[in-house]
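Topology and contacts: notes
Here's the letter readout for the chains.
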Amino acid sequence: MAVLAVVAVAAVLPWSPGAGPGERAAAAPMWPVPEPYPVTDEPAETLAAIPPGSEYVALGDSYSAGYGLPDPTRLPTNACGQSARDFPHRIAARFGLALTDVSCAGATSRDVVSGHQFRGVPPQVRALSGRTRLVTLTIGGNDADLFGTAASCLALSARGPVFSGRDAPSCRSTLVHDGVDDLEVRIRSRVALGIADTLAAVRRAAPNAEVVLVGYPAIFPDADHTPDRGCFRSALDLGSLAGSFPRDTYPFTDTDVRYLHGVQEELDEVSAAAARAAGVTFLDVFARSQAHSACATTRPYVAGVSLAGTGDLSRIDLEPGALHPNDRGVAWLTGRLAAVLRTTAG
C-alpha cells in the first residue's frame, strides 16, 4: 500500500489545470506565434470547396494536438505537447492546405474563446479570420475534467480501491451522491454552455469556413466490447518497486469502466447537440471506436496507461499520451475526418 500512497500524491496530470489561471500563465514561457504548415506541392487529393492553399486552422485540446506522439512542433508553446503527427497536420498534407495549428493540451473552451492558457499565447480563436476556409476542433473534455477524473480513477484491482480517494472502492462512489452524478450535472450545464459558446465564437471569427467539431474516441468501452473478465490490467507490479512499470495498462475497476463510459457518452451527446444548434458538422467517432478503446488488447486506437518514476518511487508520473489516441488512432481519425470533408466540401 506504500506504493499506492506515493502514486496518489505524486502523479502529475498533464491535462489537469493544477494551479489557478493566473499561476499557470505566470509559469509559462513566451513562444513564437505558430506559422502555417507548408502546403504540399501535389496533394494526394483535393476538395472542390476548399482548394489547395486554403487557410486551415486547427483549434482544441490534446486530442487535436496529438499529445504523446513524437515530432513535437513546440507550438504554440512547448508546454502544449503538440505533435507534427496530429490529425490536423495529416489533413493539411493530404489536401494541400495551409495549416495554422494552435491546438494545445489542456485547453478548455475558455482557452479557445477568451483565455490566455499560457503567457504569450492568445486565445485560439484569434487565429481565425475571414480568409479561413476550414476549422477543426476538439473541445469539452477538459471542461468536464474527464481526463483528470479518469487519471484519478487508477485502481489496485478490478474491484478497487482506487489510488486516490482514501480507499474508495471506485471513482463512481465518490462522484455520485444520493443518485446525483456530479460529472453528469457538470456536462449537461457548464460544459454544454462552454461548447456552445466556443462554436458560436468560431462561426463569428471564421464566417467563410467549414467547421468540424471532432468528437472523442472511446476510452472506456460499452458492455458489448468489454471482455467477460473485464478490462483490468494493473499499472503496478513487483518491478515498480525498482522504478520499472508495466506498459499500456488499463487499471480501472469494472464499476468505473461502466461509469466512465457513461460519462463519455454524455459528453458525446452534448457535443452533437451543440454542433446541430450551431449549424456545424459533428464528427462522431465515439460509437465507431468502441471495439478499439484503451481496454482493447488488439488494435486499440487509444493508448493505455503507462507510468514512469524514479527508482525509489519518490516520484511517479503518467507518461505522455496515456488515454490519448496512439498513432493508429490518429491515422483512423484522419481517415474519418477526410471522409467527412469529401462529403461536405468535396
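Residues numbered from 1 in each chain as written. Predicted model: local features only at pLDDT ≥ 70, side-chain atom pairs only at ≥ 80, totals over all residues. Heavy atoms only, no water.

Concerning the overall build of the protein chain
The following threshold applies: What counts as a helix is a DSSP run of H or I of at least four residues, what counts as a strand is a run of E of at least two, and both are numbered from the N terminus. Each residue is placed in one exposure class: buried if its accessible area under a 1.4 Å probe, protein chains only, is under 20% of its type's maximum, exposed if it is over 50%, and partly exposed if it falls in between. Residue burial considers only the protein chains on display, and all accessible areas are found by Shrake-Rupley using a 1.4 Å probe.
Check the secondary structure of the protein chain and you find ten helices and nine strands. A burial count over the protein chain gives 54% of its 346 residues as buried. Of the roughly 14,500 Å² that the protein chain leaves accessible, carbon and sulfur atoms contribute 52%.

Observations regarding the pairing of strand β1 (residues 55-60)
To keep it simple, the criterion reads: What makes two strands pair is DSSP finding at least two bridges between them.
With six of six residues buried, β1 lies mostly within the body of the structure. Taking every second residue as pointing to the same face, both faces of β1 are buried, with Glu55, Val57 and Leu59 on one and Tyr56, Ala58 and Gly60 on the other. The pairing of β1 with strand β2 (residues 98-101) spans four bridges and is parallel. Note on β2: the bridge partner recorded for valine 57 is threonine 100.

Thoughts on the pattern of salt bridges
We apply this condition: For this document, the term salt bridge refers to a Lys or Arg side-chain nitrogen within 4 Å of an Asp or Glu carboxyl oxygen.
According to the stated counting rule, one finds eight salt bridges in the structure shown. Taking the shortest distance from any N to any O, the salt bridge between arginine 342 and glutamate 45 comes out at 2.9 Å. One end of the pair, arginine 342, is in helix α10 (residues 327-345); the other, glutamate 45, is in the loop between α2 (21-27) and β1, with 297 residues separating them in the sequence. Residue glutamate 45 is classed as partly exposed on the basis of its relative accessible area, which comes to 23%. Salt-bridge contacts for aspartate 71 lead to arginine 85; the nearest nitrogen and oxygen are separated by 2.8 Å.

With respect to the packing of aromatic side chains
Condition: For Phe, Tyr and Trp, where Trp contributes only its six-membered ring, two rings pair if their centres lie within 6.5 Å, and the inter-plane angle classes them as stacked under 30 degrees, edge-to-face over 60, or tilted in between.
Scanning all chains against the criterion turns up seven aromatic pairs. Ring geometry for tyrosine 63 against tyrosine 216: centres 5.1 Å apart, planes inclined by 85°, an arrangement best described as edge-to-face. Placement of the pair is tyrosine 63 in helix α3 (residues 62-65) and tyrosine 216 in the loop between β6 (210-214) and α9 (254-278), with a sequence separation of 153 residues. According to the relative accessible area criterion, tyrosine 63 is buried, its value standing at 3%. The exposure class of tyrosine 216 is buried, given its relative accessible area of 5%. Ring centres of phenylalanine 220 and phenylalanine 252 lie 5.2 Å apart, and the angle between their planes is 80°; this geometry places the pair in the edge-to-face category.

Considerations on the packing of helix α4 (residues 87-95) against α10
In plain terms, the rule: Here, axes are lines fitted to C-alpha atoms. For helices the fit covers the stretch in contact, and angles between N-to-C directions go from 0 to 180 degrees. For classification, angles of less than 35 degrees are called roughly parallel, those exceeding 145 degrees roughly antiparallel, those between 65 and 115 degrees roughly perpendicular, and all remaining angles oblique. Crossings are sorted by hand: turned counterclockwise from the far helix by less than a right angle, the near helix makes the crossing left-handed, and turned clockwise it makes it right-handed. For this analysis, residues touch if any pair of their heavy atoms sits within 4.5 Å. Residues are grouped as follows: Ala, Val, Leu, Ile, Met, Phe, Trp, Tyr, Cys and Pro are nonpolar; Asp, Glu, Lys and Arg are charged; all remaining types, including Gly, are polar.
Between α4 and α10, the shortest axis-to-axis distance is 9 Å and the interhelical angle comes to 50°. Judged on the interaxial angle alone, α10 and α4 are oblique. The chirality of how α4 crosses α10 is right-handed. Residues Phe87, Arg90, Ile91, Arg94 and Phe95 of α4 touch α10, and the partners they reach there are Asp327, Val330, Ala331, Leu333, Thr334, Gly335, Leu337, Ala338, Leu341 and Arg342. Of the residues belonging to the contact of α4 with α10, the class tally is nine nonpolar, two polar and four charged.

Looking at helix α8 (residues 182-205)
Let me state the cut-off plainly: Every helix has an expected span of 1.5 Å times one less than the residues it contains. Across the chain, bend at a residue is computed as the angle between axes fitted to the seven residues ending at that point and the seven starting from it. Here a polar contact is recorded for every N or O atom pair within 3.5 Å, except that within protein the pair must consist of a potential hydrogen donor and a potential acceptor, and residues adjacent in sequence are included only if both atoms are side-chain atoms.
Taking 1.5 Å as the rise per residue, α8 with 24 residues should run 34 Å; its terminal C-alpha atoms sit 33 Å apart, in good agreement. Valine 191 marks where α8 bends most, by close to 35°. Here α8 has its buried residues at Leu183, Ile187, Val191, Gly194, Ile195, Thr198, Leu199, Ala201 and Val202. The backbone nitrogen of leucine 183 has a side-chain oxygen 3.0 Å away, supplied by the residue at the start of α8, namely aspartate 181.

Observations regarding the pairing of strand β3 (residues 132-138)
β3 sits mainly inside the fold: six of its seven residues count as buried. In the sheet, β1 pairs with β3 via six bridges, with the strands oriented parallel. Within β3, the residue paired with tyrosine 56 across the bridge is leucine 134.

Re the state of the cysteines
Covalent bonding between the sulfur atoms of two cysteines defines a disulfide. How we decide: Note that a disulfide, as used here, is simply two cysteine sulfur atoms within 2.5 Å.
Following the criterion strictly, the structure yields three disulfides and no others. With a sulfur-sulfur separation of 2.1 Å, cysteine 153 is cross-linked through a disulfide to cysteine 171. In this structure, the disulfide formed by cysteine 153 and cysteine 171 twists by about -120° around the S-S bond and is classed as left-handed. Of the two residues, cysteine 153 is situated in the loop between α6 (146-151) and α7 (172-175) and cysteine 171 in the loop between α6 and α7; the sequence distance between them amounts to 18 residues. Like cysteine 153, the residue cysteine 171 is buried in the burial classification. Linked covalently through their sulfurs, cysteine 231 and cysteine 295 form a disulfide whose S-S length is 2.1 Å. Measuring handedness by torsion sign, the sulfur bridge of cysteine 231 and cysteine 295 sits at about -90° and is left-handed.

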